[in-house]
Amino acid sequence: MATHTISQRLNHSRVSLNEHLPVDHRLNSVYRFGAGAMGVVLLVFGILGLVHQIGFFDTGGDRVAGLNTNGALSVLSIVVGVLLLYGMVRGGNFASTLNITLGILFLISGFVNLALLATSHNFLAFKMQNVLFSFVVGLLLMVFGMYGRVTGFLPHDNPYWKARHEHADDL
């Protein structure tokens, strides 16, 4: 009996990001807002970069909205912006997981491009302000994606707490 209880506790204490979230839950609006806000920012940045007709892999230091850009970075920004807008429309766990995943990728991109700043491999024309922008967007996306989902102090009415403690009344 004691072994079975310990086994149950271990199985329910692991953190999983794929638990069910009701569509109308208030956390859904946080995930949607985060994906939508960041998606619009990236989409506008990418469109402005394309409108300026900067070369696709030009590293000459062309600036749009205070950030260096080129055609490749503009297209990449548009693609990620559209993906985030799709996450906003879809909502739920998809938007949350998308925000977390893209947030991690933005942080990794910031570190990689920081290492490439003064090299010939800087094909996205990053400067220090672009690196900082990647870090900020990455952290914001991660916060929006993890909000109410990843913490040790979830309220007992939170659907993630309920999923992790479905046998709390039995103990």
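Our structure is the block above this text.
What this report covers is the structure whose coordinates are included nearby.

A short note on the overall build of the protein chain
Thinking step 1. Check the secondary structure of the protein chain and you find 6 helices and 2 strands.
Thinking step 2. Written out in order from the N terminus, the α and β elements of the protein chain read α-α-β-β-α-α-α-α.
Thinking step 3. Burial statistics for the protein chain: of 171 residues in total, 40% are counted as buried.
Thinking step 4. For the protein chain, contacts bridging at least 24 residues in sequence account for 71% of all contacts bridging at least 6.
Thinking step 5. Here the protein chain displays about 9800 Å² of accessible surface, and carbon together with sulfur accounts for 68% of that area.

Quick word on the environment of Asn99
Thinking step 1. Mapped onto the fold, Asn99 is located in helix α4 (residues 92–116).
Thinking step 2. In this structure Asn99 comes out as buried when scored by relative accessible area, which is 0%.
Thinking step 3. Between the C-alpha atoms of Asn99 and Gly145, which are 46 residues apart in sequence, the distance is 4.8 Å.
Thinking step 4. Those residues in contact with Asn99 that sit more than four places away from it in its chain are Tyr31, Gly34, Ala35, Leu84, Leu141, Met142, Phe144 and Gly145.

Thoughts on helix α5 (residues 128–146)
Given 3.6 residues per helical turn, the α-helix brings residues three or four places apart onto the same face.
Thinking step 1. Helix length check: α5 (19 residues) gives 27 Å between terminal C-alpha atoms against 27 Å at 1.5 Å per residue, within 8%.
Thinking step 2. Turning to α5, its buried residues number three or more, namely Asn130, Val131, Ser134, Phe135, Val137, Gly138, Leu141, Met142, Phe144 and Gly145.

Here's the deal with the packing of aromatic side chains
Thinking step 1. Evaluation of the coordinates by the stated rule reveals 3 aromatic pairs.
Thinking step 2. Ring geometry for Phe33 and Phe144: centres 5.7 Å apart, planes at 75°, overall edge-to-face. With Phe33 in helix α2 (residues 27–51) and Phe144 in helix α5, the pair connects residues that are 111 residues apart, well separated along the chain.
Thinking step 3. Judged by its relative accessible area of 18%, Phe144 is buried.
Thinking step 4. Sitting over the face of the ring of Phe94, Arg90 holds its NZ or CZ atom 4.4 Å from the ring centroid.

So, the packing of helix α3 (residues 71–90) against α4
Relative placement of two packed helices is described by the angle separating their axes and the distance separating the axes.
Thinking step 1. Interaxial distance between α3 and α4 falls to 7 Å at its minimum, and their mutual angle equals 155°. Overall, the two elements α3 and α4 adopt an arrangement that is roughly antiparallel. The crossing of α3 and α4 is left-handed. Between α3 and α4, the residues in contact are Val80, Leu83, Leu84, Tyr86, Gly87 and Arg90 and Gly92, Phe94, Ala95, Leu98, Asn99, Leu102 and Phe106, respectively.
Thinking step 2. Its residues assigned to classes, the contact of α3 with α4 shows 9 nonpolar, 3 polar and 1 charged.

Conventions used here
- Residues numbered from 1 in each chain as written.
- Predicted model: local features only at pLDDT ≥ 70, side-chain atom pairs only at ≥ 80, totals over all residues.
- Heavy atoms only, no water.
- Helix = DSSP H or I, 4+ residues; strand = E, 2+ residues; numbered from the N terminus.
- Buried < 20%, exposed > 50% of the residue type's maximum accessible area, 1.4 Å probe, protein only.
- Contact = heavy atoms within 4.5 Å.
- Areas by Shrake-Rupley, 256 points an atom, 1.4 Å probe, with all protein chains shown as cover.
- Expected span 1.5 Å × (residues − 1).
- Phe/Tyr/Trp six-rings, centres within 6.5 Å; stacked < 30°, edge-to-face > 60°.
- Lys NZ or Arg CZ within 6 Å of the ring centre and 35° of its normal.
- Axes fitted to C-alpha atoms, helices over the stretch in contact; angles between N-to-C directions.
- Parallel < 35°, antiparallel > 145°, perpendicular 65-115°, else oblique.
- Left-handed = near helix turned anticlockwise from the far one by under 90°.
- Nonpolar A, V, L, I, M, F, W, Y, C, P; charged D, E, K, R; others polar.

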